[in-house]
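An overview of the molecular structure
Residue-level listing of the chains:
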Amino acid sequence: MSNNKICESADKILENFISSLEDVQTSHHRVDSQKIKCNFGQMGVCCKLCANGPCRITPASPKGICGANADTIVARNFLRAVSAGSGCYIHIVENTARNVKSLGESGGEIKGINVLNNLAEKLGITETDPHKKAVLVADAILKDLYKPKFEKMEVINKIAYEPRLKNWEELNIMPGGAKSEVFDGIVETSTNLNSDPVNMLLTCLRLGISTGIYGLTLTNLLNDIILGEPEIRAAKVGFKVVDPDYINLMITGHQHSMIAHLQDKLIEPEIIQKANKVGAKGFRLVGCTCVGQDLQLRGKHYTEVFSGHAGNNFTSEALIATGGIDAIVSEFNCTLPGIEPITDKFMVKMICIDEVSKKSNADYIEYSYKDREKISDYIIDKALESYTERRANVKINIPKDHGFDDVITGVSETSLKKFLGGSWKPFVDLIASGKIKGVAAIVGCSNLTAKGHDIFTVELAKELIKRNIIILSAGCSSGGLENVGLMSPGAAQLAGDSLKEVCKSLGIPPVLNFGPCLAIGRLEIVAKELAEYLNIDIPKLPLVLSAPQWLEEQALADGSFGLALGLPLHLAISPFIGGSKVVTKVLCEDMVNLTGGKLIIEDDIVKAADILEETIVERRKSLGLH
């Protein structure tokens, strides 16, 4: 193993555990060896789209061989990343909609009937039979996804906020078919095509809208139909959720609907008996990455099989190295390639159920709803086989002091409103009175370069709650925040006096856990409903957005949605745009005049908190609030 120093983490127990590992290399070990970054890549001025390149823009060579300048190259690279990120989310919502349709056609159990009814009503579907209704809802969404670019999507007009729709129409950024938008976004960035940076940035906004409304907002609602609605509860998080008396299946990815059948199957008496025969008490699902957060969100419905959420993407390698994981089921990204040698060392069987997530040492079995019984049986058999082969040969070392027992989970736009008595009035009154200064949504990924693993995320959260700004979180950021205690009620002690009083009176933490990155769509619903309650547009809300430790291209698609909604968006790391004055000016300055949003790039934690607080105060003043 390399002697590189270990990446610092906000989660000190995790950091110490990783430091103690022998003959195991994780992402935390590799950070130091990759600390020298390519400046051309960071500035976004490297182009390798054709065989004349790679071309690198410098003051001495301001244009590539083809004549493309820095503005074109930076915008092109940014749009290509947003297109790829959007494609990932559209893949998820497509699969989820197909699963809802199959559920309806098969007459299976619909666990979220209220969500189905509400969504059908918004879409103008009058069918009364719930299974036929599910099919019609899914068909409406799939029809939109498959439209050509020149045909505008229709569902968006029925669920998006009217003032935002008007703004998007004025800017001519209403999306056509979501899959076609991704396709054309990639085409637009190809060699010797678009050279207009402003035009390409408007395409990013269009992709952000289809990503946000479909890939985020609708995916949540479709999952609720299949799996049940989130309910607020206290739950365990961290490595302590792993119980070695059970066969532990780690789940990783983003597509909760693809493990729906497995969840139910694992608690059937005959399946538990199979586990008993090999010496285990039964099976447990251990959450990791966003699908674990999704399961945690609905954990009230799955207490018999779900043991809890262990951590975000950059805890997954260490989780496997505890020896407590017997098999892994993966179905999408955030499944690090670095887990492969660790799974081999600890004899952990890997099964992928979506080809896009195929790992080199994993079995692959294609998921389909009609074959769900066969697929679940296959996973169970492999888990039994892995448990039997590995338990006598692998040492289990689980740091039982890692995590918390009282994290508040299951927060959604519906459960939070229900908690408040069925209306947003109490929340709005707390903001109006100044007891809560405003709302910051800290969302998105975890990375290892913004001061270390989850450090910017955790320290920014502490700064903001100290200033009486409540935080809503969704994504791998939630995994970091909950594992250091900020989502437990005791964290109220870290808040400013008035927010502390609010939290203690309600029995809530100052950081509310909305779950996976997909739940950024739930935060959009909260923003929409608050704006509707106040009869204002979303850009006027005392609400700011930060994805301080964004990691993947999906995060840039999320961010484009935030900008389209008119929200200030903070990033601690530049999205590789610094080499273009035009792109930087449009995103960081001119965007305010387009959508009301703007990009804020700030790598100092306190300065970032200052900017976000100032933005909230300015919006309070515009609403006549002191």
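Okay, so let's go over this structure. Keep in mind it's a predicted model, so treat the numbers as computed, not measured.

Turning our eyes to something else, we now look at the overall build of the protein. Assigned secondary structure in the protein consists of 25 helices and 16 strands. Taken over C-alpha atoms, the radius of gyration comes to 24 Å for the protein, in line with the 25 Å a tight globule of 626 residues would show. Residues classed as buried in the protein amount to 62% of the 626 residues present. Once local pairs closer than 6 in sequence are excluded, the contacts in the protein between residues at least 24 apart make up 77%. Roughly 23,100 Å² of accessible area belongs to the protein as shown, and the carbon and sulfur atoms make up 51% of that amount. For the protein, the separation between the mean place of its 68 positive charges and that of its 76 negative charges on side chains is 2 Å.

Attention shifts here to the pattern of salt bridges. Summed over all chains, the structure comprises 35 salt bridges. Here arginine 30 makes a salt bridge to glutamate 317, at a shortest N to O gap of 3.0 Å. Taken together, the positions of arginine 30 in helix α2 (residues 27–30) and glutamate 317 in helix α14 (residues 316–321) put the pair 287 residues apart, joining distant regions of the chain. Each of Lys437, Glu463, Lys466, Arg467, Asp610 and Glu613 takes part in salt bridges that share partners, so that together they form one network.

To continue, consider unusual backbone geometry. Going from glycine 53 to proline 54, the amide bond is cis rather than trans, its omega being 0 degrees. Although it is not a glycine, methionine 347 adopts a positive phi angle of roughly 55 degrees. Position of methionine 347 relative to the elements: it lies in the loop between α15 (339–345) and β8 (349–352). Unusually for a residue other than glycine, asparagine 535 sits at a positive phi of about 60 degrees. Inspection of the secondary structure assignment puts asparagine 535 in the loop between α22 (520–534) and β14 (543–546).

Thresholds, definitions, all that
- Residues numbered from 1 in each chain as written.
- Predicted model: local features only at pLDDT ≥ 70, side-chain atom pairs only at ≥ 80, totals over all residues.
- Heavy atoms only, no water.
- Helix = DSSP H or I, 4+ residues; strand = E, 2+ residues; numbered from the N terminus.
- Rg over C-alpha atoms; globule rule 2.2 N^0.38 Å.
- Buried < 20%, exposed > 50% of the residue type's maximum accessible area, 1.4 Å probe, protein only.
- Contact = heavy atoms within 4.5 Å.
- Areas by Shrake-Rupley, 256 points an atom, 1.4 Å probe, with all protein chains shown as cover.
- Lys, Arg positive; Asp, Glu negative; His and termini not counted.
- Charge placed at Lys NZ, Arg CZ, Asp CG, Glu CD.
- Salt bridge = Lys/Arg side-chain N within 4 Å of Asp/Glu carboxyl O.

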